[in-house]
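A closer look at the structure
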Amino acid sequence: MQKKLWPAVALAAAVCVAARADVPDFSLDFAPTSAAMNAFGSAAAHRRADTLVSKMTLDEKLQFIHSEYAMSAVPGGGAGYIQGVPRLGIPDLNMVDSATGSGSTSQASTTFPATIALAASWDRRLSSNFGRQVAIELRAQGFGMGLGGGTNLAREPRGGRLFEYLGEDPVLAGEMLAERTDGTQSEKVIATIKHYAGNEQEHNRGGGNSQIDERTLRELYLLPFEIAAKRAQPGSVMCSYNRLNGDYACENAHLLNDVLKNDWRFEGQVQSDWGATHSTANAINAGLDEEEDVGSTVYLTPTAVRQAIANGSVSTARLDDMVRRKLYVMIRVGVMDDPAKGGATINFAGANAFAQAVSEQSMVLLKNDSNQLPLSAASLSRIAVIGGHADAAVLTGGGSGNTRDPVTGAFAGCGGLTFGTSTGCSWWTNPWLKLNTPIVAAIRALAPSAQVSFAGNSDQQTPFRAYTQQEIDQAAALAARSDVAIVVVAQPAGEDFGDLQSLSLANPSNQDALVDAVAHANPRTIVVVESGNPVLMPWKDRVAAIVEAWYPGEGGGNAIANVLFGKVNPSGKLPVTFPVRDQDTPTWGQNGAFEPDPVYAEKLNMGYRWYDAKNITPMFEFGYGLSYTHFSYSGLSVKHRPDGAIDVSFTVRNDGRMAGAEVPQVYLGVPYRDEPPRRLVGWEKFGLNPGEARHVRITVTPRMQSVWDTSRNGWRYVPGGTVYVGASSRDIRLQGS
Ligand code: BGC
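Values in this document were obtained by computation on a predicted structure and should not be read as measured data.

Overview of the nonpolar core
- I90, Y196, L327, V648, F650, V666 and V725 are the most contacted members of the largest nonpolar core, which totals 127 residues.
- Of all the elements, helix 12 (residues 316–333) adds the most residues to this core, at nine residues.
- Taken together, domain 1 (52–333) and domain 3 (608–736) each give at least three residues to this core, which thus spans both.
- Leave out the neighbours within four places in its chain, and V666 touches V648, F650, R679, L680, V681, G682, I698, V700, V723, Y724 and V725.
- Counting residues in each nonpolar core, the second largest holds 50 residues, with A120, W432, V489 and M537 among its members.

Rendered as structure tokens:
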């Protein structure tokens, strides 16, 4: 196969967009997906829920709004359990974490790539299938509700749970979440989206007060929730641990009642994060519908709520509303009439193939000097693979986003593991996923006549200790006598371990020194990064190629080898900015200290918007990702429609020599005070054969052109913006002004 990276052809077409006094049609925005529309007719579901509520006794209602089971007692190893009402045909409902696969603590499950990887695919259909595949396993295990829809934005690049989310842009995150939600609910599993809202860091995670002004909330942090809530109608929204502008999220009337239930007309239920409820009447009247407790302080117990009703602080109408919402969701999604029974056989081979496909489509080629990649097996006789436990495992995220994998049947390993603030050893803390086909074995399969050797830390007991000088020397010596050196570096993170102190790989594992030593020994050094966060790469200019593989899940070994050897042409694009230094990030401040009560002082300038507004050059920008082929962009047309939408059309051609997929992105510069230079307003992803072209049309709805106007507490349509079409947020190929 001929591989050639074509020089970038910068095309610019000036197109005039006349500012017109259109009447914006806001109903165009976030229209329900066809699956959400086709769900059981909502009017009939509401009537049926009403009838059931009218037949329930007070005791039955009270048991329906509180999950009071310690995790270990939940059937099937789930995270929560709501008891049904058999006499009325209401089944039990078991829920479980599902960020990257089922979080059952007792049943084997497929480990899919982390959702930050899914976001890097920019592939809506893939996200929908991801939601489906996870849901299929959940149902087979007996769960009718999946808690996997994390979508807090990557404001804090060091955030300990970034891997569970969908990046730094609200539209990318919201659309990918809507698709995932849709896929999950199409398999009759209620989807939860979380953590609502302002829960962007782990530091002070039990109650830090996030201080975010209304415009920033509406335009950034609430937007992914709004898009997913309106488009896919998730059954549940999980309120978060933190406080927002003073009030705990789970008793924040503005968040729950005003915005979610009134402005967005959300018909589902609000459930608390585990242990995130702090009051009875206050929380209920602010909009909380169900408490999930962790066995300690509890507020929505039958006794407490009965008392609140008796003393008049909670009305019976409100209790009925709480119960009705849950019943409605169960009816609409299908778990009322067809509850998950569990005990079904899981097609692990099929799920593994899907996990691998997601990983392949999410990998981001960050650097490829002189087309060092893809590797050609025929021309290599000695291949060095170094570090990252590439002989055995890949990294995953820790905490409730972890899964119990079918290969080992356990949350394996963990001995001696110490990262973040963890000192213990349990399924919660173990981030290493052993693979049947780790990277080394997968490379051997693709290069059977080459000698493939591994050097690094093979010590399973202390997977995160620093490399010894002897190990670094051995790795460098192996690299020096090899035709190519592939170094795997890994950055662990997980829920409840705090945030990363730095994006650097240097501490405590001295992986930067390892890369430097190997690159010094062999100029053909290729770095593969396994991370859920951006990482700093001080060695960037000294290595030949870099691939970001994220936490790639259980198909990760094969997926990485397939990308390195060109069986898969990488097509992922960064959903988060990779900065040059920690100091360049919006949250570093003077010294990188985390604020216990974070003030979102950068306002709208978050993620790429920060770098653009401050004129800081990132190492790799949002939306960036290379391919083994090259795409040219031409023929921009920008047309205003009477309803206020803009139709943006242009042509993308694969003018390289390999089939590949491209993600053309449309950004808008909105001419309004304090708006950052550009915001993402649309994108498409599609594959093209060499020489093939595609005419792309993307509609930018009025809402995408609007700003939140605090003076009138509503959206203000701002026509006359500048349209940018690019291969990343900075690689702008076409512009209409
Ligand atoms: C996490 C949630 C999770 C819940 C149940 C909490 O600690 O914040 O994301 O769904 O636990 O496991």
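Looking at the environment of F565
- Turning to its location among the elements, F565 is positioned in the loop between helix 17 (556–564) and helix 18 (608–614).
- In this structure the C-alpha to C-alpha distance between F565 and L373, which are 192 residues apart in sequence, comes to 7.2 Å.
- What F565 contacts, discounting residues up to four positions off in sequence, is P374, L375, A377, L380, I383, I443, L446 and A447.

A short note on the pairing of strand 7 (residues 236–239)
- Here strand 7 shows two buried faces, one formed by S236 and M238 and the other by V237 and C239.
- Bridge count between strand 5 (residues 190–196) and strand 7: three bridges; the pairing is parallel. Residue pairing in the sheet places T192 in a bridge with S236 of strand 7.
- Direction of pairing for strand 7 relative to strand 10 (residues 269–272): parallel, over a ladder of four bridges. Paired with M238 across the two strands is Q271, which belongs to strand 10.

Focus: the packing of aromatic side chains
- This structure, assessed with the given rule, holds 14 aromatic pairs.
- When the ring of Y196 is compared with that of F225, the centres are 5.1 Å apart and the planes differ by 70°; the resulting orientation is edge-to-face. Of this pair, Y196 sits in strand 5 while F225 is found in helix 8 (residues 223–232), placing the two residues 29 residues apart along the sequence. For the pair formed by Y196 and F225, the shared burial category is buried.
- Ring pairs connect the aromatic residues W122, Y608, F622, Y667 and W683, which therefore count as one cluster.

Observations regarding the pattern of salt bridges
- Scanning the model with the defined rule gives 48 salt bridges in all.
- Across the pair D320 and K61 runs a salt bridge, and its minimum N-O distance is 2.9 Å. Here K61 lies in helix 3 (residues 58–63) and D320 lies in helix 12, a separation of 259 residues in the sequence. For the pair D320 and K61, one class covers both residues: buried.
- A salt bridge links E602 to R155; the shortest N-O distance between them is 2.6 Å.

So, the site of the ligand
- Taken together, 13 residues lie around the ligand, and D97, R161, H195, D273 and E495 are the ones closest in.
- The separation between an oxygen atom of the ligand and a polar side-chain atom of D97 is 2.4 Å.
- A distance of 2.7 Å separates an oxygen atom of the ligand from a polar atom in the side chain of H195.
- Protein chains bury 97% of the 310 Å² of accessible surface belonging to the ligand in isolation.
- Considered class by class, the residues forming the shell around the ligand number five nonpolar, two polar and six charged.

Section: helix 6 (residues 170–186)
- In a regular helix each residue adds 1.5 Å, so 17 residues correspond to 24 Å; helix 6 covers 24 Å between its end C-alpha atoms and thus fits that length.
- Most of helix 6 is tucked away: 16 of the 17 residues are buried.
- Structurally, the start of helix 6 carries an N-cap: the backbone nitrogen of V171 is 2.8 Å from a side-chain oxygen of D169.
- Phi for K188, located one or two positions after helix 6, is positive at around 60°.

Remarks on the sheet that holds strand 6 (residues 209–210)
- Strand order in the open sheet formed by three strands is 6-8-9, with mixed pairing between adjacent strands. At either end of the open sheet lies a strand with only one pairing partner, and these are strand 6 and strand 9 (247–248).
- Across two bridges, the pairing between strand 8 (residues 243–244) and strand 9 is antiparallel. In the sheet register, R243 faces strand 9, and the bridge partner there is Y248.

Thoughts on the UniProt feature "domain: Fibronectin type III-like" (unreviewed entry) in the protein chain
- The positions that UniProt labels "domain: Fibronectin type III-like" (unreviewed entry) are, in the present scheme, residues 662–729.
- Along residues 662–729 the backbone is 0% helical and 51% strand, and the end-to-end C-alpha distance reaches 14 Å.

Structural notes on the sheet that holds strand 2 (residues 80–82)
- Strand order in the open sheet formed by six strands is 2-3-4-5-7-10, and the pairing between neighbours is mixed. Of all the strands in the sheet, just strand 2 and strand 10 have a single pairing partner and so form its edges. Within the sheet, the average angular offset between the axes of one strand and its neighbour, ignoring direction, is 30°.
- As defined by bridge partners, strand 4 (residues 145–150) adjoins strand 5 across four bridges and the pair is classed as parallel. By the bridge assignment, G149 is partnered in strand 5 with I193.
- Contacting strand 4 and strand 5, helix 6 runs over the sheet at an angle of about 150° to strand 5.

Looking at the domain arrangement of the protein chain
- Here the protein chain is partitioned into domain 1 (52–333), domain 2 (363–576) and domain 3 (608–736).
- Taken over C-alpha atoms, the centre of domain 1 sits 32 Å from the centre of domain 3.
- At the interface, 19 residues of domain 1 touch 22 residues of domain 3.
- With both sides pooled, the region where domain 1 packs onto domain 3 buries about 1800 Å², and carbon together with sulfur makes up 57% of that total.

A closer look at the layout of surface pockets
- Estimated volume of the second largest pocket: approximately 390 Å³.
- Around the second largest pocket, the lining is made up of 17 residues, and of these R124, E175, V681, T699 and T701 lie nearest the centre.
- When contributions to the lining of the second largest pocket are tallied by element, the ones reaching two or more residues are strand 24 (679–683) and strand 26 (693–700).
- A per-class count over the lining of the second largest pocket returns seven nonpolar, three polar and seven charged.
- There are two domains that each give the lining of the second largest pocket at least three residues, and those are domain 1 (52–333) and domain 3 (608–736).

Thresholds, definitions, all that
- Residues numbered from 1 in each chain as written.
- Predicted model: local features only at pLDDT ≥ 70, side-chain atom pairs only at ≥ 80, totals over all residues.
- Heavy atoms only, no water.
- Core = buried A, V, L, I, M, F, W, Y, C linked by side-chain atoms within 4.5 Å.
- Buried < 20%, exposed > 50% of the residue type's maximum accessible area, 1.4 Å probe, protein only.
- Helix = DSSP H or I, 4+ residues; strand = E, 2+ residues; numbered from the N terminus.
- Domains from an automatic or database assignment.
- Contact = heavy atoms within 4.5 Å.
- Pairing = 2+ DSSP bridges.
- Phe/Tyr/Trp six-rings, centres within 6.5 Å; stacked < 30°, edge-to-face > 60°.
- Salt bridge = Lys/Arg side-chain N within 4 Å of Asp/Glu carboxyl O.
- Near = heavy atom within 4 Å.
- Polar contact = N/O pair within 3.5 Å; in protein donor to acceptor, adjacent residues only side chain to side chain.
- Areas by Shrake-Rupley, 256 points an atom, 1.4 Å probe, with all protein chains shown as cover.
- Nonpolar A, V, L, I, M, F, W, Y, C, P; charged D, E, K, R; others polar.
- Expected span 1.5 Å × (residues − 1).
- UniProt positions renumbered as here; feature names shortened; annotations may be inferred.
- Axes fitted to C-alpha atoms, helices over the stretch in contact; angles between N-to-C directions.
- Buried area = accessible area lost by both parts, 1.4 Å probe.
- 1 Å grid on protein atoms, 1.4 Å probe; cavity = no way out; pocket = protein on both sides within 12 Å on 5 of 7 lines; lining within 4 Å.
- Points joined across faces, edges and corners; volume = space filled by probe spheres on them.

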